[in-house]
Amino acid sequence: MSDHGAHAEEHFAGSNKLFISIWVWLLVLTLLEIFLAYRPMAIHFMLTILLGLSLIKAALIMAYFMHLKFERLSLILTLIPALVVCILLLFVFFPDSFRSLGLRYQYKEAPPVAPAPLEEP
Amino acid sequence: MSTEARVGHFPAVDWEGGAFPYRVGHRKLGMWLFIVSDSLTFSALLMGYSYLRASNVWPTPFPFYPSIVFSSVMTFCLLSSSLTMVFGVSASSKGDKAKARKWILATIFFGVAFIVLHLIEWQHLLHEGLRPFYLPEHWVQVFTSNGVPPSPLFGATFFAITGLHMFHVATGAVYLGVVAARVNKLKHEDVEISGLYWHFVDLVWMFVFPLIYIMSVDVGGHLAAAAH
């Protein structure tokens, strides 16, 4: 059992001080998000900043709390790229989402105007 | 074991397989694979929510109090629970089982606090009249834009995503309870695996909180103004 303990200790790197500093960073980024919620800005701009901050927080949690930074590179390369690609593929639905917004609401403000007929040669 | 030792000394042979290519046990690898598949579940739900939001008039009803205050305190609870969990795993790696159990129990405490606060927050919204497929009448009046009413699917996305997340927290609390009870019999790696699951639940909330709560803050206080 002591042999196992030594083996494990070798693999669980990182001091409590490091983990506390990661926790403080995560709290600071969360407070920044709450602050941003009350700043007037365009929704696309806000979404970009919030997702950026979320990705940083997710990276901090995975790297330090989930210990991935201290794992072997082959494990990281097996898990992360495939996940990222799958999530990015889900964005394929958004053109349809914007299209259905247009279908639903395009005649609410003004009636449609017929395009000018092409001149026959 | 000789393969294991050889792989340890020559990183270049990582991709040639061998008995131990990732230098983690099969249980830990299994948990990582579960986490990858579960993150796709949440990604799909959040993507469905984003799809609906981008194709509809969407209400932004959350007031500073109670919604944002509650969700911020809940975020604090989850982040702190991750810290106590990492302390527990660290103690376990040094063979200090009693200390590991103490930290895991602190983690469960924060997890249960999260669930209780979240249920109170749900109660506020249910009391206002929000249901999975209906908006409260006064929300419809306030958030109607250019004569187009807001989407009634707000409640469906809200309760589905936060509900599934809450279910994960509850499952994690039970899982950690079992780990805390059996910590003397478990190997260190099993404690670490339960930690992976718990941190994953925390990680998901780092996306749910901004996308569901922060993006739907009632900045101008339109609902409160309409009530008076």
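Computed from a predicted model, the values in this text were never measured in an experiment.

Student: How would you summarise the nonpolar core if you had to cite specific residues and measurements?
Tutor: Membership of the largest hydrophobic core comes to 68 residues, with the highest contact counts inside it found for L196(B) and V204(B). Looking at this core, the elements with two or more residues in it are α2 (16–37) and α3 (43–65) of chain A together with α2 (26–54), α3 (64–93), α4 (97–128), α5 (137–143), α6 (154–181) and α7 (188–213) of chain B. Considering every element that reaches this core, the biggest residue donor is α7(B), with 16 residues. Those residues in contact with V204(B) that lie beyond four places of it in its chain are F42(B), H165(B) and H168(B).

Student: Provide a residue-level description of the interface of chain A and chain B, including the pertinent values.
Tutor: Contact with chain A, which involves 43 residues of that partner, is made by 47 residues of chain B. Those elements that place two or more of their residues in the side of chain A that touches chain B are α1 (2–11), α2, α3, α4 (73–89) and α5 (94–105) of chain A. Looking at which element gives the most residues to the side of chain A that touches chain B, the answer is α2(A), with 10 residues.

Student: How would you sum up the environment of M206(B)? Please name residues and give values.
Tutor: Looking at the element boundaries, M206(B) is found in helix α7. Given 24 C-beta atoms within 10 Å, M206(B) falls into the buried group. Along the primary structure M206(B) and L40(B) are separated by 166 residues, whereas in three dimensions their C-alpha atoms are 15 Å apart. Contact partners of M206(B), with chain neighbours within four places excluded, come to S54(A), K57(A), A58(A) and I61(A).

What counts and how
- Residues numbered from 1 in each chain as written.
- Chains lettered and ligands numbered in written order.
- Predicted model: local features only at pLDDT ≥ 70, side-chain atom pairs only at ≥ 80, totals over all residues.
- Core = buried A, V, L, I, M, F, W, Y, C linked by C-beta atoms within 7 Å.
- Buried ≥ 20, exposed ≤ 12 C-beta atoms within 10 Å, placed from the backbone.
- Helix = DSSP H or I, 4+ residues; strand = E, 2+ residues; numbered from the N terminus.
- Contact = placed C-beta atoms within 7 Å.

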